[in-house]
Amino acid sequence: MATADTERTLGDPGQGIERKSVLPAFKLERYFAKWEFKAPHLLCCSDCEPVLLSELLSLMDGDSRARWEGLRLSYGETRGLPALIEEICKLYEQVRPEGVLVSAPQECIYLAMMALLQPGDHAVVTYPGYQSLYQVAESLGCQVDLWEWSQLVAACRGVGCYLFSDEMYRLLEFDPAARLPSAVDVYDKAITLSGLSKAFGLPGLRIGWLAMQPPCYSVLGRAAELKDYTTICNAVPSDVLALAALRSKDALLHRNMTILRSNLSAVESFMGEFDHIFRYRPPAAGSVAFPRLAALATDNQESVEEFCERLVNECGVLLLPATVYDHAPSSTGGHFRIGLGRRDLPGCLDVFRSFLRERVQRPQQ
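So, how was this worked out
Residues numbered from 1 in each chain as written. Predicted model: local features only at pLDDT ≥ 70, side-chain atom pairs only at ≥ 80, totals over all residues. Heavy atoms only, no water. UniProt positions renumbered as here; feature names shortened; annotations may be inferred. Helix = DSSP H or I, 4+ residues; strand = E, 2+ residues; numbered from the N terminus. Polar contact = N/O pair within 3.5 Å; in protein donor to acceptor, adjacent residues only side chain to side chain. Domains from an automatic or database assignment. Contact = heavy atoms within 4.5 Å. Buried area = accessible area lost by both parts, 1.4 Å probe. Salt bridge = Lys/Arg side-chain N within 4 Å of Asp/Glu carboxyl O.

In the nomenclature of an unreviewed UniProt entry, the protein corresponds to Aminotransferase class I/classII large domain-containing protein from the organism Volvox carteri f. nagariensis. According to UniProt, the comment filed for the protein under the heading Sequence similarities (unreviewed entry) is "Belongs to the class-I pyridoxal-phosphate-dependent aminotransferase family."

For serine 139, the position within the fold is in helix α6 (residues 132-139). One polar contact links the side chain of serine 139 to the main-chain carbonyl oxygen of valine 136, over a distance of 2.7 Å.

Along its sequence, the protein is carved into domain 1 (27-50 + 252-359) and domain 2 (61-247). Spacing between the C-alpha centres of domain 1 and domain 2 amounts to 28 Å. Listed by partner, the interface residues are 25 residues for domain 1 and 19 residues for domain 2. The contact between domain 1 and domain 2 buries some 1800 Å² in all, and 60% of this surface belongs to carbon and sulfur atoms. On the domain 1 side of the contact with domain 2, Leu252, Leu253 and Tyr325 bury the most area, a combined 25% of that side's loss. Across the contact surface, domain 1 and domain 2 share 0 salt bridges.

Mapped onto the secondary structure, glutamate 77 falls in the loop between α3 (62-69) and α4 (82-89). For glutamate 77 and valine 236, which are 159 residues apart along the polypeptide, the C-alpha to C-alpha distance reads 8.7 Å. Once residues lying within four places of it in the same chain are set aside, the contact partners of glutamate 77 are Pro82 and Cys233.

Turning next to unusual backbone geometry. Of the consecutive residues tyrosine 127 and proline 128, the connecting peptide bond is found in the cis state with omega at 0 degrees. Counting through the fold element by element, proline 128 comes out in the loop between β4 (122-126) and α6. Of note, the phi angle at isoleucine 232 is positive, near 70 degrees, even though the residue is not glycine. Relative to the helices and strands, isoleucine 232 resides in the loop between α9 (217-227) and α10 (236-247). A positive phi angle, near 55 degrees, is found at aspartate 326, a position not held by glycine. For aspartate 326, the location among the structural elements is in the loop between β13 (320-321) and α13 (328-332).

What follows is the structure, given as structure tokens:
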């Protein structure tokens, strides 16, 4: 996300611009709220296989274990555990401890948008994507343009605007040589969002962070002030477990990439078996893919939303239809999200396979 109007004082109210104070329903999250704990076969999760607590504890170094065993369930520091912040800084080249704020990933988005934007500002957002990345800006009364990613860092540098970079899936590249640098390392007015939910398989910790360089410290300071009105501080057990996770980064990433590579192969085979129903191109990175229903794939020409609804109701396999993204080309094109990061993916595909063989016929040659 790129935001303009950078010379004004942060926190000054906009003049003459109506603020849209009511946020609409978050379609993706409402869809998961309906199905995530009911459907037995989750085939659209965006995270990697969640790590068992015992698994993470077994990876702890001596200092992390001492912190864990002596943990007092008190309030934590607003910006996050200092030792955790030091580990986060090691992920970047240009970030110092004073440039990090630790919070839940979704809260990081909200705090950053509230700190950056005022009514009348102009935000340019890659789309389709995670709804809060553009919806919070709209709710503040900002002008929002939805663009595809294209030479955005250079464009931001050219006009001196802020760049908010969502990098939750970074480190999951199948070819490490194709990994892009973090935006915060190549542009001093970039604000990077990252966390432990996706690549590390630790969404239950609710730990993410904002990382930035000195030109953005006023934004970080304002975000920290706003956090006093939300969670105040992180759960201290999560801080310590996150510290242990980052100190075991290589082991956790290797674990998750092994699962992803195996599942990627299984999905490619599955999609090849049903190429009369789906069109599929494997992703270059990350834990999700975005296939689509082929034309004439279903007997009654149902929409992708209707197909996904029928699938979960009849056999318990949950896919995520593109309609939750409010992106018409993806919806009309029949796209849906499939998750690649869970260990039970082969079993979910078996149930899906049986459904397709019984209910969707191969066209006559």
